[in-house]
Amino acid sequence: MSRLEAVRGLVAQDPTNSRIRFMLCMEYLGVSDWQQAVSELKELLARDADYVAAYYQAGHASEELGEEEAARAFYRDGIDAARRTGDAHALSELQAALDILG
């Protein structure tokens with residue numbers, strides 16, 4: 001069984017666990033399956049809007065797909081989430097990503 005399959009199995013067992021779902025997203029990113037990564041990241045954020053790291057990864061994957069407007073939206077939403085949760089480090093990373101994208 002591949003690592004991706006193993007993590008899929010964990011998500012199937014507990015689909016509400018944000019950390020496990022984020023692990024799945026990272027597995028998709030690791031194999032450059034940008035579309036599936038974005039799909040899973042959207043699902044994660046729909047369930048847990050304060051999972052700040054997901055916004056950065058969703059923005060990055062959207063950029064890889066050439067979807068710059070979607071990337072900007074993820075970064076902006078992530079900035080809002082970082083402010084809401086008081087995550088200054090994530091806020092600076094998301095702002096930098098948005099600034100670079102322009």
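This text follows the structure it describes.
Residues numbered from 1 in each chain as written. Predicted model: local features only at pLDDT ≥ 70, side-chain atom pairs only at ≥ 80, totals over all residues. Heavy atoms only, no water.

### So, the packing of helix 4 (residues 52-64) against helix 5 (residues 68-85)
Okay, step 1: One can describe the packing of helix 4 onto helix 5 by two numbers: an axis separation of 8 Å at closest approach and a directional angle of 170 degrees. On the basis of the axis angle, helix 4 is roughly antiparallel to helix 5. Every residue of helix 5 that contacts helix 4 at V52, Y55, Y56, A58, G59, H60, S62 and E63 is listed here: A70, A71, F74, Y75, D77, G78, A81, A82, R84 and T85.
Okay, step 2: By residue class, the composition of the contact of helix 4 with helix 5 is 10 nonpolar, 5 polar and 3 charged. (Axes fitted to C-alpha atoms, helices over the stretch in contact; angles between N-to-C directions. Helix = DSSP H or I, 4+ residues; strand = E, 2+ residues; numbered from the N terminus. Parallel < 35°, antiparallel > 145°, perpendicular 65-115°, else oblique. Contact = heavy atoms within 4.5 Å. Nonpolar A, V, L, I, M, F, W, Y, C, P; charged D, E, K, R; others polar.)

### Side note on the side chain of E27
Okay, step 1: Note that E27 resides in helix 2 (residues 18-30).
Okay, step 2: Setting aside residues up to four positions removed in sequence, E27 forms contacts with R3, L4 and V7.

### Brief notes about the side chain of R72
Okay, step 1: Tracing the backbone shows R72 in helix 5.
Okay, step 2: Here R72 falls in the buried class, since its relative accessible area comes to 11%.
Okay, step 3: Contacts of R72, omitting those with residues within four sequence positions, involve L98, L101 and G102. (Buried < 20%, exposed > 50% of the residue type's maximum accessible area, 1.4 Å probe, protein only.)

### Side note on the packing of aromatic side chains
Okay, step 1: Here the structure, examined in full by the defined rule, presents 2 aromatic pairs.
Okay, step 2: Measuring from ring centre to ring centre gives 6.1 Å for Y56 and Y75, while their planes differ by 40 degrees; the resulting arrangement is tilted. Residue Y56 is found in helix 4, and its partner Y75 is found in helix 5; the two are separated by 19 residues along the sequence. (Phe/Tyr/Trp six-rings, centres within 6.5 Å; stacked < 30°, edge-to-face > 60°.)

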